[in-house]
Amino acid sequence: MIFVVLSESFANWPLLDKYASLHIADQVKKIIAEDDTAYCRSFLPNGGSTVSAVTGVVTGLADANLYLTTMPESFSAPYPTAIAPQIERLGYETNFWYAGPATWERIEPFTLAQGFDHFYGRGDMPDDATGNVWGCDDEYLYQAVLAGVAPDKDSFNIVLNVSNHSPFNVDLESKGFDFRQVTDGLPETEKANSELLTQLGHFWYADRELGRFVEAVKNKYPDSLVVIVGDHAERYNIDKNPSIYERYGVPLIITGKGVEKDMFIPKSAGSHIDIAPTLLEMIAPQGFSYMSIGSSLTRTNTMGVNYAVWFTHDYYGEADIFPL
């Protein structure tokens, strides 16, 4: 089984040592510390929105400020670089799981047209699931995935969650969020910022549920792989003038059977369009051919680029900046 968790607003900056006192990313950092986990610290989203992330991961195409979910070509046939048909050639059933409505950005017909066998949305989640206008809370989405994945066949699953998004109405107190612990880790200028505290609490909730989901997957499917990647960052930062690295970066984490900590090449960097080739290089037999614009972090990729910025392991900057 392969699970790609495309996690709403799951930025990389809370994983940095300088923010460890907030304790809002402890579960994912625990996963990163395990021997069967590889972590790329220099990774970019396909763009600045969830739909950009979905189109980048699903089609393998870089964002060019075109809404692929509205273009007729996207519904006539999968793009040659689309991930689902290529994974299917390896014998995997392909499923797309979304916590929200199937009508959002035409996500159901789009993913099915791009080769996924099945789509599951808010209507397939538990009837009593809490949530917001975007969809059900993460814990109920993960419950549905674990209950709905067929145990007798190999499957590839993209899981798109929504809880870490405004209006930020998860009942944090009932979930056990320690407001005082996070307040203690904030700069003095932000300790009374209740809006920021609520936002950080939702990152904590997303982190906690990710940790629980990964543990459950590994227990239920010991041979599985789990990919964790943020859909974008840019929602909020502690630093009011964040660096490009802290403002835009998302983590790429792969954990599970056969993964080694040094699996990615030294100084690896990438973006959403590099997920498909990275996975295919990991799981496909020798001689398997595939189509990709991106390249694998296990072989060659040392730069991530989108229409706004670029990352390498050591440097970052703005894209499309030309002298006058």
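Heads up: the structure comes first, above all this text.
All of these numbers come straight from a predicted model, not from anything done at the bench.

A. Region of the structure containing the environment of P101. Within the fold, P101 resides in the loop between β4 (93–98) and α5 (107–113). The partly exposed category is assigned to P101, whose relative accessible area is 34%. When the C-alpha positions of P101 and D137 are compared, they lie 13 Å apart, and in sequence the two are 36 residues distant. Non-local contacts of P101, meaning those with residues more than four positions away in its chain, are made with I107, R122 and W134.

B. Highlighting the sheet that holds β4. Overall, mixed pairing links the seven strands, which are arranged β2-β10-β9-β1-β8-β4-β5 in an open sheet. The open sheet terminates on both sides in strands that have one partner only, identified here as β2 (37–40) and β5 (118–120). Averaged over all pairs of adjacent strands, the angle between their axes in this sheet comes to 15°, without regard to strand direction. Note: β2 against strand β10 (residues 252–256), four bridges, orientation antiparallel. In the sheet register, T37 faces β10, and the bridge partner there is T255. Packing of helix α11 (residues 275–283) onto the sheet brings it into contact with β1 (2–7), β8 (155–160), β9 (225–230) and β10, and relative to β9 it is tilted by some 165°.

C. Up close: empty space enclosed by the protein. In this structure the tally under the stated criterion is one cavity of 30 Å³ or more. In this structure, the largest cavity occupies an estimated 40 Å³ of space. Residue lining of the largest cavity: S9, A11, W13, N164, F203, A233, E234, R235 and Y236, and that is the complete set. Looking at the lining of the largest cavity residue by residue, the classes come out as five nonpolar, two polar and two charged.

D. The pattern of salt bridges, seen in detail. By the definition in use, this model includes ten salt bridges. Close ionic contact of K218 with D36 constitutes a salt bridge, the shortest N to O distance being 3.0 Å. Pair noted here: K218 is in helix α9 (residues 194–220) and D36 is in the loop between α1 (26–33) and β2, with a separation of 182 residues, a long-range link. By relative accessible area, which is 24% here, D36 ends up partly exposed.

E. Representation of the packing of helix α6 (residues 138–148) against α9 in the model. Across the interface, α6 lies against α9 with an axial gap of 9 Å and an inter-helix angle of 15°. As judged from the angle between their axes, α6 and α9 are roughly parallel. For the element pair α6 and α9, the recorded crossing hand is right-handed. Of the residues in α9, those in contact with D138, E139, Y142, V145 and L146 of α6 are Y205, A206, E209, L210, F213, A216, V217 and K220. Tallied by class, the residues present in the contact of α6 with α9 amount to nine nonpolar, no polar and four charged.

F. Examining the side chain of S271 more closely. Topologically, S271 is positioned in strand β11 (residues 270–271). The contact partners of S271, leaving out residues within four places of it in the chain, are F43, L44, P45, G304 and V305.

G. Inspection of the nonpolar core at higher detail. Residues F3, W13, F96, F156, L200 and L252 are the most contacted members of the largest nonpolar core, which totals 104 residues. With eleven residues, α9 is the single largest residue contributor to this core. The contacts of F156, once residues within four sequence positions are left out, are I2, V4, I83, I87, Y92, E93, T94, N95, F116 and L279.

H. Up close: the packing of aromatic side chains. This structure, assessed with the given rule, holds 17 aromatic pairs. Centre to centre, the rings of Y142 and F213 are 4.5 Å apart; their planes meet at 20°, and the pair counts as stacked. You can see Y142 sitting in helix α6 and its partner F213 sitting in helix α9, a full 71 residues away along the chain. Just as Y142 is buried, F213 falls in that class too. Aromatic side chains F168 and Y236 sit 6.2 Å apart centroid to centroid with 70° between the ring planes, which places their arrangement in the edge-to-face category. One end of the pair, F168, is in the loop between β8 and α7 (172–175); the other, Y236, is in the loop between β9 and α10 (244–248), with 68 residues separating them in the sequence. The residues F168 and Y236 share a single accessibility class, namely buried.

Quick notes on the rules
Residues numbered from 1 in each chain as written. Predicted model: local features only at pLDDT ≥ 70, side-chain atom pairs only at ≥ 80, totals over all residues. Heavy atoms only, no water. Helix = DSSP H or I, 4+ residues; strand = E, 2+ residues; numbered from the N terminus. Buried < 20%, exposed > 50% of the residue type's maximum accessible area, 1.4 Å probe, protein only. Contact = heavy atoms within 4.5 Å. Pairing = 2+ DSSP bridges. Axes fitted to C-alpha atoms, helices over the stretch in contact; angles between N-to-C directions. 1 Å grid on protein atoms, 1.4 Å probe; cavity = no way out; pocket = protein on both sides within 12 Å on 5 of 7 lines; lining within 4 Å. Points joined across faces, edges and corners; volume = space filled by probe spheres on them. Nonpolar A, V, L, I, M, F, W, Y, C, P; charged D, E, K, R; others polar. Salt bridge = Lys/Arg side-chain N within 4 Å of Asp/Glu carboxyl O. Parallel < 35°, antiparallel > 145°, perpendicular 65-115°, else oblique. Left-handed = near helix turned anticlockwise from the far one by under 90°. Core = buried A, V, L, I, M, F, W, Y, C linked by side-chain atoms within 4.5 Å. Phe/Tyr/Trp six-rings, centres within 6.5 Å; stacked < 30°, edge-to-face > 60°.

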